[in-house]
Amino acid sequence: TTSREAMEIFSRVRHGKHREVEELLRAGTSAYVRDSQGNSLLHIACQNNSRKVAKLVLRMTDYARSPPQHHMVNLRNTTGNTALHY
């Protein structure tokens, strides 16, 4: 994922544009990209109360396999918070 792709997807996550986020993820943008504070897409979705985007990110990461993994849910940012903190 390039820095431009990361900026695009974080912007769309912040604004709750779940269809555009899904398009970017399906086009190859990594769901595990992090910002400069260590926040994941799930962190940003939760911070902005974007339930649809949060569900999308989880469906395409932790819940893409059975049994579900919990990598995305357990990612910590630079202050030590997981997305569940928000």
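To be clear, the structure that these remarks concern was listed above.
Given the structure is predicted, the values throughout are model-derived calculations rather than measurements. (Residues numbered from 1 in each chain as written. Predicted model: local features only at pLDDT ≥ 70, side-chain atom pairs only at ≥ 80, totals over all residues. Heavy atoms only, no water.)

**Looking at the side chain of His 43**
- By the secondary structure assignment, His 43 is in helix 3 (residues 41-47).
- Take His 43: its relative accessible area is 0%, and that puts it in the buried class.
- Aside from chain neighbours lying at most four places away, what touches His 43 is Gly 38, Leu 75, Arg 76, Asn 77, Asn 81, Thr 82, Ala 83 and Tyr 86. (Helix = DSSP H or I, 4+ residues; strand = E, 2+ residues; numbered from the N terminus. Buried < 20%, exposed > 50% of the residue type's maximum accessible area, 1.4 Å probe, protein only. Contact = heavy atoms within 4.5 Å.)

**A closer look at the pattern of salt bridges**
- Using the criterion set out here, one finds 3 salt bridges in the structure.
- Glu 8 serves as the salt-bridge partner of Arg 4, at 3.7 Å between the closest nitrogen and oxygen. Pair noted here: Arg 4 and Glu 8 are both in helix 1 (residues 3-14), with a separation of 4 residues, about one helical turn.
- Exposure remark for Arg 4: the relative accessible area of 61% places this residue in the exposed category.
- With a shortest N-O distance of 2.9 Å, Arg 26 and Glu 22 are connected by a salt bridge. Placement of both Arg 26 and Glu 22 in helix 2 (residues 18-26) is noted, with a separation of 4 residues, approximately one turn of the helix. (Salt bridge = Lys/Arg side-chain N within 4 Å of Asp/Glu carboxyl O.)

**Let's talk about the packing of helix 2 against helix 4 (residues 51-60)**
- Taken N-terminus to C-terminus, the directions of helix 2 and helix 4 make an angle of 20°; their axes are 9 Å apart at the nearest point. The angle between the axes of helix 2 and helix 4 places the two elements in the roughly parallel class. Helix 2 and helix 4 meet at a crossing whose hand is right-handed. For the pair formed by helix 2 and helix 4, the contact residues are His 18, Val 21, Glu 22, Leu 25 and Arg 26 on the first element and Lys 52, Val 53, Leu 56 and Met 60 on the second.
- Residue composition of the contact of helix 2 with helix 4, grouped by class: 5 nonpolar, 1 polar and 3 charged. (Axes fitted to C-alpha atoms, helices over the stretch in contact; angles between N-to-C directions. Parallel < 35°, antiparallel > 145°, perpendicular 65-115°, else oblique. Left-handed = near helix turned anticlockwise from the far one by under 90°. Nonpolar A, V, L, I, M, F, W, Y, C, P; charged D, E, K, R; others polar.)

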